[in-house]
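Here are the chains, one letter per residue:
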Amino acid sequence: MRALCTQTLAATPEGIAQAARLLSAGALVALPTETVYGLAGDARNPDAVAGIFAAKGRPQHNPLIVHLADLDQALALAEIPAQGLALARAFWPGPLTLVAPLRAGHGLAPAVTAGLDSVALRLPAHPAARALLNAFGGPIAAPSANPSGRISPTTAAHVLAGLDGRIAAVLDGGACAVGLESSIVGFDGVTALLLREGGISRDALEAVLGARLGRDGSGKITAPGQLAAHYAPRAALRLDARAPEPQEVWIGFGPDCKGAELSLSLTGDLEEAAARLFAVLHAADAKGRAIAVAPVPERGLGTAINDRLRRAAAPKGA
Ligand code: AMP
Ligand code: MG
């Protein structure tokens, strides 16, 4: 499917106005966010939403995150519990997604939520995303702007490498600052559950809640899209590699990985490693050799980085 001539739009007032016009006409536009680039469509338009699933080759049971300009728009769509509001006040706009029960009359296309009675909501912080959301004035459904299962895009060039010809435009807002997808929090009654590790550490979320987060699976809520094999490079990927095998591209972390061809962070900084993770995986994959990644510590953003690396290493088709 390569029917369209994908335009690259600058993140200027003109580029943002054009992106908003395209969305209003039901077309798909990749937009920069602080986490990764999103593949945006009008969340109320069933054809646009169907187009998102088709362009990505995404399974229909994997619901989309709805992006909004402000808290009032979020409250119009879902009943966000008190703990969710506390998290929203602390982290929105930012890399936090809340899953909450849908309100009657929400107006979203049913495929957005994969037919569930809950919806995933986020207010992104990237200035170009915020400007586009304000110009468009409605809810935008946006999964990551990559073919399903492949490495997430953190630059406009990554988007074009995967989706050129399948979408109307990409709004170029530079490299994504956080680089990992949002943390997803859902609620089982009064218990907040961490459904996906992401750009805000568990510690930071728990500090705001004043309580421990439950894990996905501890209650009845599950995040249906948490597939074992995801974020996958074409090449095989080996974890916890303290040294490379012959021919492997070794991705280092920290100052001890002397001679690594690529590094997530030479100084061992986890925020830098998160921001660089997908770009480094894209660069390693372009070399066409097997990939080995040095150990990354299980603290702070390291747990989300390791979650993505484990899925990238999982046997394909799992
Ligand atoms: P992404 O794949 O990064 O677009 O993130 C979307 C993910 O959010 C999905 O894969 C689900 O895991 C999760 N999600 C979205 N909507 C819901 C929902 N209503 N209930 C539970 N999880 C959801
Ligand atoms: Mg994705």
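The coordinates are above.
Residues numbered from 1 in each chain as written. Chains lettered and ligands numbered in written order. Predicted model: local features only at pLDDT ≥ 70, side-chain atom pairs only at ≥ 80, totals over all residues. Heavy atoms only, no water.

On to the overall build of the chain, then. A tally of helices and strands in the chain yields nine helices and 15 strands. For the chain, the spread of C-alpha atoms along the principal axes amounts to about 60 × 50 × 35 Å. With 318 residues in all, the chain has 54% of them scored as buried. Put simply, 68% of the contacts in the chain that link residues at least 6 apart link residues at least 24 apart. Within the structure as shown, the chain displays about 12,900 Å² of accessible surface, and the carbon and sulfur contribution to it stands at 55%. Of the side chains in the chain, 28 bear a positive and 27 a negative charge, and the two mean positions are spaced by 3 Å. (Helix = DSSP H or I, 4+ residues; strand = E, 2+ residues; numbered from the N terminus. Buried < 20%, exposed > 50% of the residue type's maximum accessible area, 1.4 Å probe, protein only. Contact = heavy atoms within 4.5 Å. Areas by Shrake-Rupley, 256 points an atom, 1.4 Å probe, with all protein chains shown as cover. Lys, Arg positive; Asp, Glu negative; His and termini not counted. Charge placed at Lys NZ, Arg CZ, Asp CG, Glu CD.)

The next subject is the sheet that holds strand β2 (residues 29-31). The eleven strands lie next to each other as β1-β8-β2-β3-β7-β4-β6-β5-β9-β10-β11, forming an open sheet whose pairing is mixed. Each of the sheet's edge strands pairs with one partner strand only, and the pair in question is β1 (7-10) and β11 (214-215). (Pairing = 2+ DSSP bridges.)

Of the positions making up helix α6 (residues 156-163), those classed as buried are A156, H158, V159 and L163. End-on view of α6: buried residues confined to an arc of 155°, all on one side of the axis. Away from its buried face by more than 90 degrees, α6 exposes A157 and A161. Buried residues along α6 sit against β2, β3 (38-42), α2 (46-56), β8 (169-172) and α8 (270-286). (Arc of directions from axis to C-beta.)

All right, on to the sheet that holds strand β15 (residues 291-293) then. Pairing in this open sheet of four strands is parallel, and the strands run β12-β15-β13-β14 from one edge to the other. In the strand order of this sheet, the two ends are held by β12 (237-238) and β14 (262-263), each with one partner.

As a further point, take the environment of T97. The residue T97 is located in strand β5 (residues 96-101) in this model. Under the relative-accessibility criterion, T97 is labelled buried at 0%. Separated by 25 residues in the primary sequence, T97 and R122 place their C-alpha atoms 4.7 Å from one another. Here T97 is in contact with I65, A120, L121, R122, S182, S183, I184 and V185, once residues within four sequence places are set aside. In terms of polar contacts, T97 uses its side chain to reach the side chain of S182, at 2.7 Å. (Polar contact = N/O pair within 3.5 Å; in protein donor to acceptor, adjacent residues only side chain to side chain.)

Turning our attention to unusual backbone geometry. A cis geometry characterises the amide bond from W92 onward to P93, with omega recorded as -5°. Following the sequence through the fold, P93 ends up in the loop between α4 (82-91) and β5. Even without being a glycine, D240 presents a positive backbone phi close to 50°. Tracing the backbone shows D240 in the loop between β12 and β13 (249-252). You can call D240 exposed: its relative accessible area is 55%. Even without glycine at this site, Q247 takes up a positive phi of about 80°.

Relative to β8, β1 is paired through four bridges, and the arrangement is parallel. Note that in β8 the partner of Q7 across the bridge is A169. Pairing geometry for β2 and β8, over two bridges, is parallel. Counted as the bridge partner of A30 is V170 from β8.

Next up on the list: the packing of α8 against helix α9 (residues 302-313). Look at α8 against α9: their axes get within 9 Å of each other, and the N-to-C directions meet at 25°. As the angle between them shows, α8 and α9 are arranged roughly parallel. Of the two possible hands of crossing, α8 and α9 adopt the one that is left-handed. Contacts from L270, A273, A274, L277 and F278 of α8 reach α9 at G302, I305, R308 and L309. (Axes fitted to C-alpha atoms, helices over the stretch in contact; angles between N-to-C directions. Parallel < 35°, antiparallel > 145°, perpendicular 65-115°, else oblique. Left-handed = near helix turned anticlockwise from the far one by under 90°.)

Further remarks concern the environment of F187. Here F187 lies in strand β9 (residues 183-188). By relative accessible area, which is 10% here, F187 ends up buried. Residues F187 and I16, 171 residues apart in the sequence, show an inter-C-alpha distance of 35 Å.

The next point concerns the nonpolar core. With 46 residues, the main nonpolar core has W92, L96, L98, L121, V185 and L205 as its most contacted residues. With four residues, the top contributor of residues to this core is α2. Excluding residues that lie within four positions of it along the chain, L121 makes contacts with I65, V66, L68, A74, L77, A78, I80, W92, L96, T97 and L98. (Core = buried A, V, L, I, M, F, W, Y, C linked by side-chain atoms within 4.5 Å.)

These figures capture arrangement, not role.
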